[in-house]
Amino acid sequence: MTTQNQIQPRQLGSKGLTVFPLALGCMGMSGVYGAADENESIATIQAALDHGMTLLDTGDFYASGQNEMLIGRAIKERRDKALVSVKFGALRTRDGGWLGIDTRPASVKNFVAYSLTRLGVDHIDIYRPARLDPQVPIEDTIGAIAELVKAGYVRHIGLSEVGADTIRRAHAIHPISDLQIEYSLISRSPESEIFPVLEELGIGVTAYGVLSRGLLSGSTPGTQGDFRAYLPRFSKENLAQNQRLIDELKQIATEKGILPSQLAIAWVLAKGRNIVPVIGARKRTQLSESLAALDVNLSSEDLTRIEAAIPASAIAGTRYDQHQMQMLDSER
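As a starting point, this report considers the structure included with it.

Analysis parameters
Residues numbered from 1 in each chain as written. Predicted model: local features only at pLDDT ≥ 70, side-chain atom pairs only at ≥ 80, totals over all residues. Heavy atoms only, no water. Helix = DSSP H or I, 4+ residues; strand = E, 2+ residues; numbered from the N terminus. Contact = heavy atoms within 4.5 Å. Buried < 20%, exposed > 50% of the residue type's maximum accessible area, 1.4 Å probe, protein only. Pairing = 2+ DSSP bridges. Axes fitted to C-alpha atoms, helices over the stretch in contact; angles between N-to-C directions. Salt bridge = Lys/Arg side-chain N within 4 Å of Asp/Glu carboxyl O.

### Some words on the side chain of Thr103
Tracing the sequence through the fold places Thr103 in the loop between strand S7 (98–101) and helix H3 (105–119). Among residues more than four places away in sequence, those in contact with Thr103 are Phe88, Val108, Pro129, Arg131, Asp133, Val136 and Thr141.

### With respect to the pairing of strand S8 (residues 124–129)
Burial of S8 is extensive: 6 of the 6 residues sit out of reach of the surface. One ladder, built from 4 bridges, connects strand S5 (residues 83–88) with S8; its direction is parallel. Along S8, the bridge assignment pairs Val86 with Tyr127. As paired elements, S8 and strand S9 (residues 154–160) share 3 bridges and run parallel to each other. Its bridge partner being in S9, Ile126 is matched across the sheet by His156.

### Concerning the sheet that holds strand S11 (residues 204–208)
If you trace the 8 strands once around the closed barrel, you get S3-S4-S5-S8-S9-S10-S11-S12, paired in parallel fashion. Averaged over all pairs of adjacent strands, the angle between strand axes in this sheet comes to 30°, irrespective of strand direction. Summarising the sheet, strand S3 (residues 23–25) and strand S4 (residues 55–59) pair through 2 bridges and their orientation is parallel. When the sheet's bridge partners are listed, Gly25 is paired in S4 with Asp57. The strands touched by helix H8 (residues 260–270) are S11 and strand S12 (275–279); relative to S12, the strand with the most contacts, the crossing angle is about 155°.

### With respect to the environment of Phe61
Summarising the element assignment, Phe61 is placed in the loop between S4 and helix H2 (66–75). Spatially, the C-alpha atoms of Phe61 and Leu211 are 22 Å apart, while their sequence positions differ by 150 residues. Those residues in contact with Phe61, other than ones at most four positions away along the chain, are Lys87, Phe88, Ala90, Arg92 and Ala130.

### A word on the pattern of salt bridges
Within the structure shown, the criterion is met by 19 salt bridges. In this structure, Glu255 engages Arg305 in a salt bridge whose closest nitrogen and oxygen atoms are separated by 2.8 Å. Within this pair, whereas Glu255 is found in helix H7 (residues 236–256), its partner Arg305 is found in helix H10 (residues 300–309), the two being separated by 50 residues in sequence. Exposure remark for Glu255: the relative accessible area of 48% places this residue in the partly exposed category. Look at Arg305 and you get partly exposed, because its relative accessible area is 39%. Note that Asp329 and Arg332 form a salt bridge whose closest N and O atoms lie 3.5 Å from each other. The class for Arg332 is exposed, based on a relative accessible area of 63%.

Rendered as structure tokens:
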């Protein structure tokens, strides 16, 4: 059990949005990694809130809005305990195909109306475009969300997977609470240019993919509908090379008497007080394992050893396929 001293809140942005040091990512509860148990998902969300976790992350396009409705059912009697972060703008087909991104001001106001209804809430705590829309200046998108803040429908504005220049331009229009971006022991590209800008501007980080879609915990694609089967790092030729790195992580974790997943989460926690790892637990057992990472204290020597044993440069394959990588403003 974690001690109260170890559960020190973290702040996202300069406007005083204080959150539990771990957030719960709910995407996997709606079929992205294969079939999920709805009752167990709701129980996991409620258990997270009961343990003091505050921030729940979703997207209005996760299972065409079903993920938002799931969260709505889970927090119906616990709204005062939950902070809800919603990504918007991704356009999908009924079978999950990609149609692009739409962050035009009129679309922003349309999307938020549906999200508020599906969630059953009167405001969204953090609202963010899921990706940069190449057809719409970021100033226009952030300006539209700022109007929603004034109207009381949104409390804070976030960003997702954008680069340093876009962050500066967005922050100049309205204070940004946090950037959501993939960050893990083997996905460390934000460290060079993006994180210094966030620190300069007082913007937090909600780091998703801290277990690299389960790669760092030994999970591999299994059931039908698991989108990881299309990710380069899980391809047959890359997985064998990556497994050697995972074995190094397992060895260090075994020495410390913890799970590799706990070591991977603890590493992200130790990389900055403005970083909040988003854990993708779909079951209460996974939630408990992740929460135990708060008990893991890593010294600077530990961090050096871990990073030398599992260098990000040695990972085989990109985090998304080539088409998606080209769309990421954060990778330019």
